[in-house]
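Topology and contacts: notes
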Amino acid sequence: MGILNVTPDSYYAPSRYHSGFNLDTGKFRDAALQMVEDGVDIIDLGGCSTRPGSETPVPGEEWRRLEPALKVLRDEVTDVQISIDTFRAFVVERAVDILGKELIVNDISAGEDDPQMLDLVGRLGLTYIAMHKRGTPQTMQSMCQYDDVTEDVVKYFEEFGEKAARAGITDWWVDPGFGFAKDASQNYKMLKELPKFQKFGRTVLVGISRKSFIYRPLGITPEEALLQTQAMHALAIQGGADILRVHDVAAAARTVRLLSGTTD
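Residues numbered from 1 in each chain as written. Predicted model: local features only at pLDDT ≥ 70, side-chain atom pairs only at ≥ 80, totals over all residues. Heavy atoms only, no water.

**Considerations on the overall build of the protein**
This is how it is decided: Starting at the N terminus, helices and strands are each numbered in turn, a helix being any DSSP run of H or I of at least four residues and a strand any DSSP run of E of at least two. We take the radius of gyration over the C-alpha atoms and set the globule estimate at 2.2 Å times the residue count to the 0.38 power. Only protein chains enter the area calculation, which uses a 1.4 Å probe; residues under 20% of their type maximum are buried, those over 50% are exposed, and those in between are partly exposed. Whether two residues touch is decided by their heavy atoms; if any such pair falls within 4.5 Å, the residues are in contact. What sets the accessible areas is the Shrake-Rupley method with a 1.4 Å probe; for residues, cover comes only from the shown protein chains.
If you tally the helices and strands in the protein, you get 9 helices and 10 strands. Against the compact-globule benchmark of 18 Å for 264 residues, the protein has a radius of gyration of 17 Å, which places it among compact chains. With the C-alpha coordinates of the protein rotated into their principal frame, the extents come out at 45 × 45 × 40 Å. For the protein, buried positions account for 55% of its 264 residues. Put simply, 68% of the contacts in the protein that link residues at least 6 apart link residues at least 24 apart. In the structure as shown, the protein presents an accessible area of about 11800 Å², 48% of it carried by carbon and sulfur atoms.

Have a look at this one:
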């Protein structure tokens, strides 16, 4: 899953395709087509930064950023799936009007931030990615208290499965939420214990690309953390990750090929 952000403030600057007030349409299209060439399976489009401390845009602003990008993907990109990184149900509904019901919903709040989300996804029959977090981008880093982070997050998804069933959602994926209300040691513990998330029989998505628990202990920047990210991706694959959410599609695809033995 390749990350394309139409935001001015996502933590990894090269993932942004938003020039001032408007989408940089040409660069965005070129980046999407490059991802396809590099072997992407899913392009994940985000119009709202969720990095710690970020300010959430008002609903209308999020949609204003996303709409032209969705139309570029509809008109220019074929043979890959598209997911939309949003916690707002009305954004999903409008995006489906453009891309249809093949759209994947990637919701960092697992339906907690918009009470209409789960019912909408169930009614439309969409694939849904549920991520674990606590609080908001402004508060989540103060909410890292767990009895056992892995066991607590597993329990969270056990409870989410019941909510998904009530909403009629049949195809939902598990995202443990690395970096969201977890400190560095908790992220590493959860990565080591990733096989525990296979108990649900669901697709497991891991999003760790260039995150702070990788680069800060080494005293480097997100821009310098490509090699270290690939090392963590290898651990995630070995732990049972089905999908890697990444900034660097070509590098991640090579890592996957090596670990799967498909190097021909």
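**Some remarks on the nonpolar core**
Filter applied, for reference: As used here, the term nonpolar core means buried Ala, Val, Leu, Ile, Met, Phe, Trp, Tyr and Cys residues forming a set that is joined through side-chain atoms within 4.5 Å.
One finds Ile43, Tyr128 and Phe157 to be the most contacted residues of the largest nonpolar core, which totals 72 residues. Sequence-distant contacts of Ile43, defined by excluding residues within four places in its chain, comprise Gly2, Leu4, Ala32, Met35, Leu73, Val77, Val80, Gln81, Ile82 and Ser83.

**Focus on the packing of aromatic side chains**
Cut-off, in case you're wondering: Two rings from Phe, Tyr or Trp (for Trp, the six-membered ring) form a pair when their centres are within 6.5 Å of each other. A pair whose planes differ by under 30 degrees is stacked, one over 60 is edge-to-face, and the rest are tilted. By the criterion adopted, a ring carries a charge over it if an Arg CZ or a Lys NZ lies within 6 Å of its centre and within 35 degrees of its normal.
Counted by the stated rule, this structure contains 8 aromatic pairs. Here the aromatic rings of Tyr128 and Phe160 are separated by 6.0 Å at their centres, their planes lie at 15°, and the arrangement is stacked. Taken together, the residues span a long stretch of sequence, with Tyr128 in strand β7 (residues 127-131) and Phe160 in helix α5 (residues 149-167) at a distance of 32 residues. Of the residues examined, Phe160 reaches a relative accessible area of 1% and is grouped as buried. Where Phe160 meets Trp172, the ring centres are 5.1 Å apart and the plane angle is 75°; that geometry is what we call edge-to-face. Of this pair, Phe160 sits in helix α5 while Trp172 sits in strand β8 (residues 172-175), and the two are 12 residues apart along the sequence. According to the relative accessible area criterion, Trp172 is buried, its value standing at 5%. Members of the aromatic cluster, each reached through a chain of ring pairs, are Tyr128, Tyr156, Phe157, Phe160, Trp172, Phe197 and Phe200. Positioned above the aromatic ring of Tyr146 is the side chain of Arg134, whose terminal nitrogen or guanidinium carbon lies 3.9 Å from the ring centre.

**Focus: the environment of Leu33**
Following the sequence through the fold, Leu33 ends up in helix α1 (residues 25-38). Each C-alpha atom, one on Leu33 and one on Val77, is 6.7 Å from the other, the two residues being 44 residues apart in sequence.

**Considerations on the environment of Gln81**
Position of Gln81 among the secondary structure elements: in strand β5 (residues 81-85). Overall, the relative accessible area of 38% leaves Gln81 in the partly exposed class. Sequence separation between Gln81 and Ile42 is 39 residues, and the spatial gap between their C-alpha atoms is 4.6 Å. Residues contacting Gln81, with those up to four places away along its chain left out, are Asp41, Ile42, Ile43 and Ile104.

**Some details on the pattern of salt bridges**
Here is the rule: The working definition used for a salt bridge is a side-chain nitrogen of Lys or Arg within 4 Å of a carboxyl oxygen of Asp or Glu.
Counted by the stated rule, this structure contains 14 salt bridges. A salt bridge links Lys71 to Glu67, with the shortest nitrogen-to-oxygen separation between them at 3.4 Å. A residue pair is termed a helical-turn pair when its members lie 3 or 4 positions apart in one helix, as Lys71 and Glu67 do in helix α2 (residues 59-76) at 4 residues. Exposure remark for Lys71: the relative accessible area of 33% places this residue in the partly exposed category. For Glu67, a relative accessible area of 29% translates into the label partly exposed. One connected set of salt bridges, linked through shared partners, spans Asp44, Asp85 and Arg245.

**Considering the packing of α1 against α2**
Applicable threshold: Axes, fitted as lines to C-alpha atoms, cover a helix only where it is in contact. Angles between the N-to-C directions of the axes lie from 0 to 180 degrees. Throughout this description, any angle smaller than 35 degrees is read as roughly parallel, any larger than 145 degrees as roughly antiparallel, any in the 65 to 115 degree range as roughly perpendicular, and the remainder as oblique. Two helices that cross are described as forming a left-handed crossing if the nearer one is turned anticlockwise from the farther one by less than a right angle, and a right-handed crossing if clockwise.
Direction vectors running N to C along α1 and α2 enclose 45°, while the axes themselves pass 10 Å from each other. In terms of axis orientation, α1 runs oblique to α2. Considering only the axes of α1 and α2, their crossing is right-handed. On α2, the residues that touch Thr25, Phe28, Arg29, Ala32 and Leu33 of α1 are Ala69, Val72, Leu73 and Glu76.

**Description of unusual backbone geometry**
Here Ala110, not a glycine, exhibits a phi torsion of approximately 50°, which is positive. What makes Ala110 buried here is its relative accessible area of 0%.

**Section: the pairing of β8**
Applicable threshold: At least two DSSP bridges between two strands are required for those strands to pair. Orient the strands so they point away from the viewer, and a crossover whose first-strand-to-second-strand path over the helix runs clockwise is right-handed.
Neither face of β8 is exposed, since Trp172 and Val174 on one face and Trp173 and Asp175 on the opposite face are all buried. Summarising the sheet, β7 and β8 pair through 4 bridges and their orientation is parallel. Each residue of the ladder has a partner; that of Met131, found in β8, is Asp175. A crossover links β7 with its parallel partner β8, the connecting element being α5, and its sense is right-handed.

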